[in-house]
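Structure assessment
In case you want the letters, here they are:
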Amino acid sequence: MPHANISASAWILSHPLAFFMQIIRGFRANQGFLLAGAVAYYSLLSIVPLLMLVMVALSHVIDQNELLRMLGRYLEWLVPGNSASVLAEVAHFLEHRDVIGWLLLGTMLFFSSLAFTVLENAMCVIFIHRVAIRRRHFLVSAFLPYCYIVSLGVGILLVTLMAGTLQVMGQESVELLGHSWSLGGVSGVLLYLLGLGGEILVLSSIYLVMPVGRLSYSHALIGGVTAALLWEIARHVLVWYFSTLSQVNVVYGSMTATIVVMFSLEIAATLLLFGAQVISEYERVAKNQQNNGKDQPAEPWSTGRD
């Protein structure tokens, strides 16, 4: 398999345009934009109850204000320029968290898991070649979203602790040869890199867990890096667009915040599934190179719509 991966990488490096067009054709054949719309819709339903659950759990370990500050920073990565509305709902809920009953908790758990369930189904479409070989037990699919919610909470806890350390470091300065240099700039760069690294790890973990079968770490990392870099470009464009050109508030009025968040999630979901398509096509090239060693792309995976 390592030899096949090297052959696949060599073929892709020598035929980058052909590989890119292969990804585009596969994404269109799998109706990637339609799948992304479904993932974005259920993510919109899931994001607030999911964050509420995680914040309530972590507020027993970390100061609530520190949690909200960190959440606001990293919500900007997910819904750039429009994190305030989501953060306000989470903060309001935390103030009244004593009203949580078993029924409300169950409802929040259900809605929190919707996005993961739909995402798993979308991954099954993109990785149809894996589903055709083996299927995941329904109990695994049922518990997978909740395991991921717990993992997400642990990840937020670790990132919050690390970010707090970097912020403290940013308040310090270094004395050298009679000159003083503040570490604030270094702290800011490290905070950005921490966020970017966390983003890549989260995306890679999704690609590692969601598709049926065992995916190699290198393949998951390829998809994670691809989706993260594309999202970095997209979120900066979104911030610029909504702050300079957009007239969405004129058209949608009081619904503006919801529409903008939905639009951001739609783009994020599209790039997430595009990263999965990159992995799928990479696997197809690797399999083709392993089977016949021909210097040409293989036929697309069968999607059942031929």
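Bear in mind that the values here come from a model prediction, so they are computed numbers and not experimental data.

Right, let's talk about the pattern of salt bridges for a bit. Counted according to the given criterion, the structure contains 2 salt bridges. The residue Glu-232 makes a salt bridge to Arg-235 at a minimum N-O spacing of 2.8 Å. Of this pair, Glu-232 and Arg-235 both sit in helix 10 (residues 217-244), 3 residues apart, which is roughly one turn of that helix. Summarising the burial analysis for this pair, Glu-232 and Arg-235 share the class buried.

Formed by 67 residues in total, the largest nonpolar core has its most connected members in Met-55, Leu-119, Met-123, Tyr-207 and Leu-273. Examining the composition of this core, we find that 13 residues originate from one element, helix 3 (residues 32-58), more than from any other. In contact with Tyr-207, not counting residues within four places along its chain, are Met-123, Leu-215, Ala-220, Gly-223, Gly-224, Ala-227, Leu-271, Leu-272, Gly-275, Ala-276 and Ile-279. Core analysis: the next-biggest nonpolar cluster, separate from the first, contains 5 residues, Trp-231, Ala-234, Leu-238 and Ala-268 among them.

Turning to the layout of surface pockets, a few remarks are in order. Looking at the largest pocket, its volume works out to about 1,400 Å³. Lining the largest pocket we find 44 residues, and of these Leu-78, Leu-152, Glu-199, Val-202 and Ile-206 sit closest to its centre. Every element with two or more residues in the lining of the largest pocket is listed here: helix 3, helix 4 (64-78), helix 6 (102-126), helix 8 (138-170), helix 9 (184-209), helix 10 and helix 12 (256-291). Take the lining of the largest pocket: its biggest share by element is 10 residues, from helix 9. Its residues assigned to classes, the lining of the largest pocket comprises 33 nonpolar, 10 polar and 1 charged.

Even without being glycine, Gln-31 reaches a positive phi, approximately 55°. Turning to its location among the elements, Gln-31 is positioned in the loop between helix 2 (16-29) and helix 3. Gln-31 sits in the partly exposed class, given a relative accessible area of 37%.

What follows deals with a nonpolar patch on the surface. Where nonpolar side chains cluster on the molecular surface, the patch consists of Leu-230, Ile-233, Val-237, Trp-240 and Tyr-241 and spans about 480 Å² of accessible area. Structurally, Leu-230 is set in helix 10. What makes Leu-230 partly exposed here is its relative accessible area of 30%.

So, about the environment of Val-154. Among the structural elements, Val-154 can be located in helix 8. Residue classification places Val-154 among the partly exposed residues on the basis of a relative accessible area of 46%. Each C-alpha atom of the pair Val-154 and Leu-58 lies 8.7 Å from the other, and the pair is 96 residues apart in sequence.

How each quantity is defined
- Residues numbered from 1 in each chain as written.
- Predicted model: local features only at pLDDT ≥ 70, side-chain atom pairs only at ≥ 80, totals over all residues.
- Heavy atoms only, no water.
- Salt bridge = Lys/Arg side-chain N within 4 Å of Asp/Glu carboxyl O.
- Helix = DSSP H or I, 4+ residues; strand = E, 2+ residues; numbered from the N terminus.
- Buried < 20%, exposed > 50% of the residue type's maximum accessible area, 1.4 Å probe, protein only.
- Core = buried A, V, L, I, M, F, W, Y, C linked by side-chain atoms within 4.5 Å.
- Contact = heavy atoms within 4.5 Å.
- 1 Å grid on protein atoms, 1.4 Å probe; cavity = no way out; pocket = protein on both sides within 12 Å on 5 of 7 lines; lining within 4 Å.
- Points joined across faces, edges and corners; volume = space filled by probe spheres on them.
- Nonpolar A, V, L, I, M, F, W, Y, C, P; charged D, E, K, R; others polar.
- Patch = residues over 30% accessible without salt bridge, like charges linked within 9 Å, V, L, I, M, F, W, Y side chains within 5 Å.
- Areas by Shrake-Rupley, 256 points an atom, 1.4 Å probe, with all protein chains shown as cover.

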